[in-house]
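Observations on chain architecture
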Amino acid sequence: MTDLALAVDIGGTKMAAGLVDRSGTLRERAQVPTHGDAGARGPEVLWHTLADLVRQVQLRVAPDDRLVVCGVGCGGPMSPGGETVSPLNIEEWRAFPLRGRLHELTGVPTHVDNDAKALALGEGWVGAAAGRRDYIGLVVSTGVGGGIVLDGRLLEGRLGNAGHIGHVVVVPEGRRCPCGGRGCLEAEASGTAIAALTGHPADVAPPVMVARTGTLVGRAVASVVNLLDLPLAVVSGSVALGFGAPFFEAAQREVDLRCGLEYARGARVIPGGLGDRGPLVGAGCVGWRRLEGAA
Ligand SMILES: [Zn+2]
């Protein structure tokens, strides 16, 4: 008999669910667009879409195996423990009681966390930061998020929002950010920002924009490296991984330029190692670590 975690990843574009075993292997997966074509939308319509997806994956649990926990990564903000979620890019859900609903549906202990924190955990479990005790995991896609592991512990903060690197300022007096600030990393380097700056989707951005984005991500990473004594940044997300080597080279150059103190020198910026499995492996990790009482 194999114990399995039901992993759920909820984003503005798609919702995914899968089965993750205790060693971090993703065994089954399925996904649906968050919003179908049909007109009617509302919190319950979206919930039923998710519930159908979860049931479908639950049916794939082999008779000899058993589901023991449910782990969820969801866009923020959320209340502590993900009791209620209000993802910025899912407007139907405001203070939606996600944890309780999923617990009721699955019948197993259910734990919810921010999707970028979940991905950072996954990278530290079986990805590019495996075995590392100090690193930041970033997601550069439609938005920019992050999660920080320091001394082997995922940083939480007062309300669970530690790691929001998307709102570190990288361009003083830069573009307006939905947070109310200016020149935040998310307002300058997210897929949304790149589309607004170039008039085209990020995946066709010209080399100068790829390099600029890498430089700005490197600038934010350098501040965090200097602040927290971190030797490693693992960057995932469709924009970063789609840009590839020129993006990572620009980010590394900027980190090298701005991390001159002895403890910070040599900090590395590397691509995530889990590819498109990352969000579900990370969600599974949110479940497993809580079940096992990890910090
Ligand atoms: Zn901001």
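Before going into details, it helps to say that this report is about the structure given with it. For clarity, every value in this text was computed on a predicted model and none was experimentally measured.

The next subject is the coordination of the zinc ion. Put simply, the ideal angle at a metal is 109.5 degrees for four donors in tetrahedral geometry and 90 or 180 degrees for six donors in octahedral geometry. Distances from the zinc ion to its protein donors, namely His167 (ND1), Cys177 (SG), Cys179 (SG) and Cys184 (SG), fall within the range 2.0 to 2.4 Å. One can describe the site at the zinc ion as tetrahedral: its four donor atoms subtend angles covering 105 to 121 degrees at the metal. Along the chain, the residues donating to the zinc ion are arranged with the sequence spacing H-x9-C-x1-C-x4-C.

According to the stated counting rule, one finds four aromatic pairs in the structure shown. When the centroid spacing of 5.0 Å and the interplanar angle of 85 degrees are considered together, the rings of phenylalanine 247 and phenylalanine 248 count as edge-to-face. Judged by relative accessible area, which is 0%, phenylalanine 247 ranks as buried. Taken together, the ring pairs in this structure connect Trp47, Trp93 and Phe96 into an aromatic cluster.

Turning next to the environment of leucine 138. Locating leucine 138 in the fold gives a position in strand 6 (residues 135-140). On the basis of relative accessibility, which here comes to 1%, the residue leucine 138 falls in the buried class. Between the alpha carbons of leucine 138 and glycine 163 there is a distance of 8.8 Å; along the sequence they are 25 residues apart. Discounting chain neighbours no more than four positions away, the residues touching leucine 138 are Gly145, Gly146, Ile165, Val217, Val221, Ala233, Val234, Val235 and Ser236.

Here we come to the sheet that holds strand 7 (residues 144-150). What links the strands of a sheet is backbone hydrogen bonding, and the strands pair in either a parallel or an antiparallel sense. The strand order across the open sheet built from five strands is 8-7-6-9-10, with neighbouring strands paired in mixed fashion. Looking at the sheet topology across the chains shown, the edges are occupied by strand 8 (153-154) and strand 10 (268-271). The pairing of strand 9 (residues 232-236) with strand 10 spans four bridges and is classified as parallel. Each bridged residue has a counterpart across the sheet, and for valine 234 the counterpart in strand 10 is isoleucine 270.

A separate point is the pairing of strand 7. Where burial is concerned, most of strand 7 is hidden: seven out of the seven residues are buried. The turn linking strand 6 back onto strand 7 is made up of three residues. Pairing of strand 7 with strand 8 involves two bridges; the strand directions are antiparallel. The residue of strand 8 that forms the bridge with leucine 150 is arginine 153. The turn linking strand 7 back onto strand 8 is made up of two residues, and aspartate 151 within it adopts a positive phi angle of 55 degrees.

Cut-offs applied
- Residues numbered from 1 in each chain as written.
- Predicted model: local features only at pLDDT ≥ 70, side-chain atom pairs only at ≥ 80, totals over all residues.
- Heavy atoms only, no water.
- Donors = N, O, S within 2.8 Å, 3.2 Å for Na, K, Ca; no water.
- Tetrahedral: all angles 85-135°; square planar, octahedral: opposite > 155°, others 65-115°.
- Phe/Tyr/Trp six-rings, centres within 6.5 Å; stacked < 30°, edge-to-face > 60°.
- Buried < 20%, exposed > 50% of the residue type's maximum accessible area, 1.4 Å probe, protein only.
- Helix = DSSP H or I, 4+ residues; strand = E, 2+ residues; numbered from the N terminus.
- Contact = heavy atoms within 4.5 Å.
- Pairing = 2+ DSSP bridges.

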